[in-house]
Amino acid sequence: MYINFSDIPTHQNLFLDYIHEFENVERFYGKNFRAVDQYLPLFQKLSEKERPNREMIHEIIKSQYNNPMSSKKTLQNIELLNSKKTIVVATGQQLGIFGGPLYTIYKSITAIKLCNHLKEKFDEYNFVPIFWLEGDDHDYDEARNFSLLNNENQILNLKYDDGQLDEVNRGAIGFLKFNQNIENVFTQLSAGLRETEFKASLLELLRSIYQPEKTFLESFRELMIQLFDEFGLIVFNPTDSAVKRVLSPLFAKELTEFGDHTGLLVERSAELEEVYHAQVKVKPINLFYIEEHERLSIEPTETGEYRLKGKRKKFTQEELLKQLEFSPEKFSPNVLLRPICQDFLFPTAFYVGGPGEISYFAQVSPLYKIYDIDEPFIYPRSSATIVEKGVKIILEKNNLEYVDIFTEEDELIKKIVSASSEINLEMLFQNTADEINGSLNQINQLLPLIDKTLGDLTVKSKLRIEETLNALKAKAIEAEKRKYETTIRQVSKVRNVLFPNSNLQERELSWIYFANKYGIDIVKWIFDELAINKFEHQILEM
């Protein structure tokens, strides 16, 4: 079953038009992902383009995969990267603890299945899925949080706390090591998860991956390989110093020509703001500098020098370019330059992204022309809500559709009560108010003929009656809610599963919640069930 994205209230108009009315947003994007006839010309162009760093990137990835336990499929894909006939389908994500929300799983599956689908259609080419680890990202709060549901189907938000103050700049999350406090997360996780036959083995797996002295990147990468290695997904670490060295020409161009770049990005963002919204705030320079473990924006000064945001330290252009030459690992791209880096390294024909990424690609587009890089098709990741049998039974029992769940909770409760009640309170009180208002209006017309002061008295009396009626209505609604309290509680718990925190399940819940109930093979079940070419929100019924 599928639900149109426009029937789910969490989506922005830019994304909706991208999916349903591409002609409205065509000027912001280089390519239309639905234009299948344009796929082959891009494949041909990518395969014919000289890529002087192809062999180097191939060797870097081989060195990142020095584990002899890698699957045959993954090792084959790594070798295929050395071929001119190989096309990359890329995706990526921040390094959320334990893999982040469910959409990380959906992104990965979309990329893998898209490769399989393309190979069937274009057999003369090889298609390789690559997951780009966002190790340079510095959003610690996003990376350390995850959510699941406890035994009572209440939303449980857990977080890793490294013991430092929240305002501390921890730098790139990829290099941040877990300390002994990771044990506190496992204690809370063990207490929060219901007892199942899969709980012990799931916790054992996670403990083997998330350990003190391991970094966020190492742990996230190991988990992704554990889940998707058999499908041939290459999990790529772009924070590798050898990768940064390959990227240094892009960084140098950004440092020396940032004025032209920023002007085009500001112009594009302003154009977007007129009709939609600009997802990302444009910065003067699309680069960060790593200084004493802090990740700091590079900013131009009025004197032609550069400085690090929030610091007194300054560089001349020559000094900064020298730093780039000898220590390229100190530099990292921001969210707008990151796709350019990805597509400079790989022959990327498709990037699999969610609604937010699709929105910021509308801003990125001008940079592809500046850097003379072919813009990929931005392919919407599959979007889904997993529905368990018990949840489905409760919905059917209360005559609720899935779209009913994607509404405000108060509206949902009203619908439940209205459907269950023998009395339509809304209609009862509306009819009563209409009758009273009709009578009082008649009185108000006639009494002033006797005494003018009686008109004002009638108006005051009307207000008191309305207040009394509203108070009575509120008490009646509360009494009705109490009468159907069990049903409301059941449906509220269902809503926590399907639409937690008034947000899509895929954006809130960790895959751990389902793996604990149904085993880690739930990922393979999702793989089999998830459609990648419907471009609607899918309901996955168990």
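What you see as residue numbers is a count from 1 along each chain, following the sequence as written. Predicted model: local features are reported for residues with pLDDT of at least 70 only, side-chain atom pairs are reported and counted for 80 or more only, and whole-chain, interface and lining totals are derived from all residues. The basis for every side-chain value is the complete set of heavy atoms in the structure, and neither hydrogens nor water enter the calculation.

1. Overview of helix α14 (residues 389-397)
Every buried residue of α14 is listed here: Val391, Ile394 and Leu395. Seen end-on, α14 carries its buried residues on one side only, within an arc spanning 100°. Across α14 from its buried face, at more than 90 degrees, point the exposed residues Lys389, Ile393 and Lys397. Here, two residues are considered to be in contact whenever any of their heavy atoms come within 4.5 Å of each other. A run of DSSP states H or I qualifies as a helix once it reaches four residues; a run of E qualifies as a strand once it reaches two. Both are numbered from the N-terminal end. As for α14, its buried residues are in contact with β14 (383-387), α15 (402-405) and α19 (485-498). Positive backbone phi, approximately 55°, marks Asn399, located one or two places after α14. Summary of the burial criterion: residues with accessible area below 20% of their type's maximum are buried, those above 50% are exposed, and those between are partly exposed, where the area comes from a 1.4 Å probe applied to protein chains only. The arc in question is the one traced by the directions running from the helix axis out to the C-beta atoms.

2. Observations regarding the pairing of strand β2 (residues 86-94)
Along β2, 8 of the 9 residues are buried, which leaves the element largely enclosed by surrounding structure. Between any two strands, at least two bridges found by DSSP are needed for them to pair. Taken together, the 9 bridges between β2 and strand β3 (residues 126-134) define a ladder with parallel strand orientation. Opposite Val89, over in β3, you have Pro129 as the bridge partner. Pairing analysis gives 3 bridges linking β2 to strand β12 (residues 348-353), with the strands arranged parallel. Bridge pairing in β12 links Val88 to Thr348.

3. What about the layout of surface pockets?
For each structure, a 1 Å grid was placed over the protein atoms alone; sets of points admitting a 1.4 Å probe that cannot get out are labelled cavities, open sets with protein on both sides within 12 Å along at least five of seven lines are labelled pockets, and lining residues have an atom within 4 Å of a point. Grid points are joined across faces, edges and corners, and a volume is the space filled by probe spheres set on the points. Here the largest pocket is characterised by a volume of approximately 980 Å³. Along the wall of the largest pocket there are 38 residues; nearest its centre are Gln94, Asp137, Glu142, Val335 and Tyr360. When contributions to the lining of the largest pocket are tallied by element, the ones reaching two or more residues are β2, α5 (103-121), β3, α10 (241-275), β8 (294-300) and α13 (355-370). Sort the elements by how many residues they give to the lining of the largest pocket and α13 lands first, with 4 residues. Tallied by class, residues from the lining of the largest pocket come to 12 nonpolar, 11 polar and 15 charged. Considering only enclosed or pocket space, the second largest pocket measures out at about 340 Å³ in volume. Around the second largest pocket, the lining comprises 13 residues; the ones closest to its centre are Asn67, Glu218, Arg221, Glu222 and Ile225. Ranked by residue count, the leading element in the lining of the second largest pocket is helix α9 (residues 216-228), at 6 residues. Basically, the charged four are Asp, Glu, Lys and Arg, the nonpolar ten are Ala, Val, Leu, Ile, Met, Phe, Trp, Tyr, Cys and Pro, and anything else, Gly included, counts as polar.

4. A look at the packing of α5 against α9
At a minimum axis separation of 12 Å, α5 and α9 run at an interaxial angle of 55°. One element, α5, and the other, α9, form an angle in the oblique class. Between α5 and α9 the crossing geometry is right-handed. Packed against α5, whose contacting residues are Thr104, Ile105, Ser108, Ile109 and Ile112, the element α9 presents Phe220, Met224, Leu227 and Phe228 at the interface. Axis lines are fitted to C-alpha atoms, over the contacting stretch for helices. Their N-to-C directions set the angle, which ranges from 0 to 180 degrees. Angles below 35 degrees are treated as roughly parallel, those above 145 as roughly antiparallel, those between 65 and 115 as roughly perpendicular, and all remaining angles as oblique. Left-handed describes a crossing whose near helix is turned anticlockwise from the far helix through less than a right angle; right-handed describes the clockwise counterpart.

5. Thoughts on the sheet that holds strand β1 (residues 2-3)
By definition, the strands of a sheet pair up through backbone hydrogen bonds, in either a parallel or an antiparallel sense. Sheet architecture is open: 3 strands sit in the order β1-β15-β14, paired in mixed fashion. Both outer strands of the open sheet, β1 and β14, are each paired with one neighbouring strand and no more. With 5 bridges joining them, β14 and strand β15 (residues 537-541) adopt parallel strand pairing. Looking at the pairing, Thr385 lines up with Ile539 of β15. Along the sheet, helix α22 (residues 522-529) makes contact with β14 and β15, crossing β15 at roughly 130°.

6. A few points about unusual backbone geometry
Most peptide bonds take the trans configuration, and most residues that are not glycine carry a negative phi. Not every positive phi belongs to a glycine, and His293 is a case in point at roughly 70°. Its location among the elements puts His293 in the loop between β7 (287-291) and β8. Even without being a glycine, Asn501 presents a positive backbone phi close to 55°. Relative to the helices and strands, Asn501 is located in the loop between α19 and α20 (505-508).

Purely geometric stuff here, so don't read any function into it on its own.
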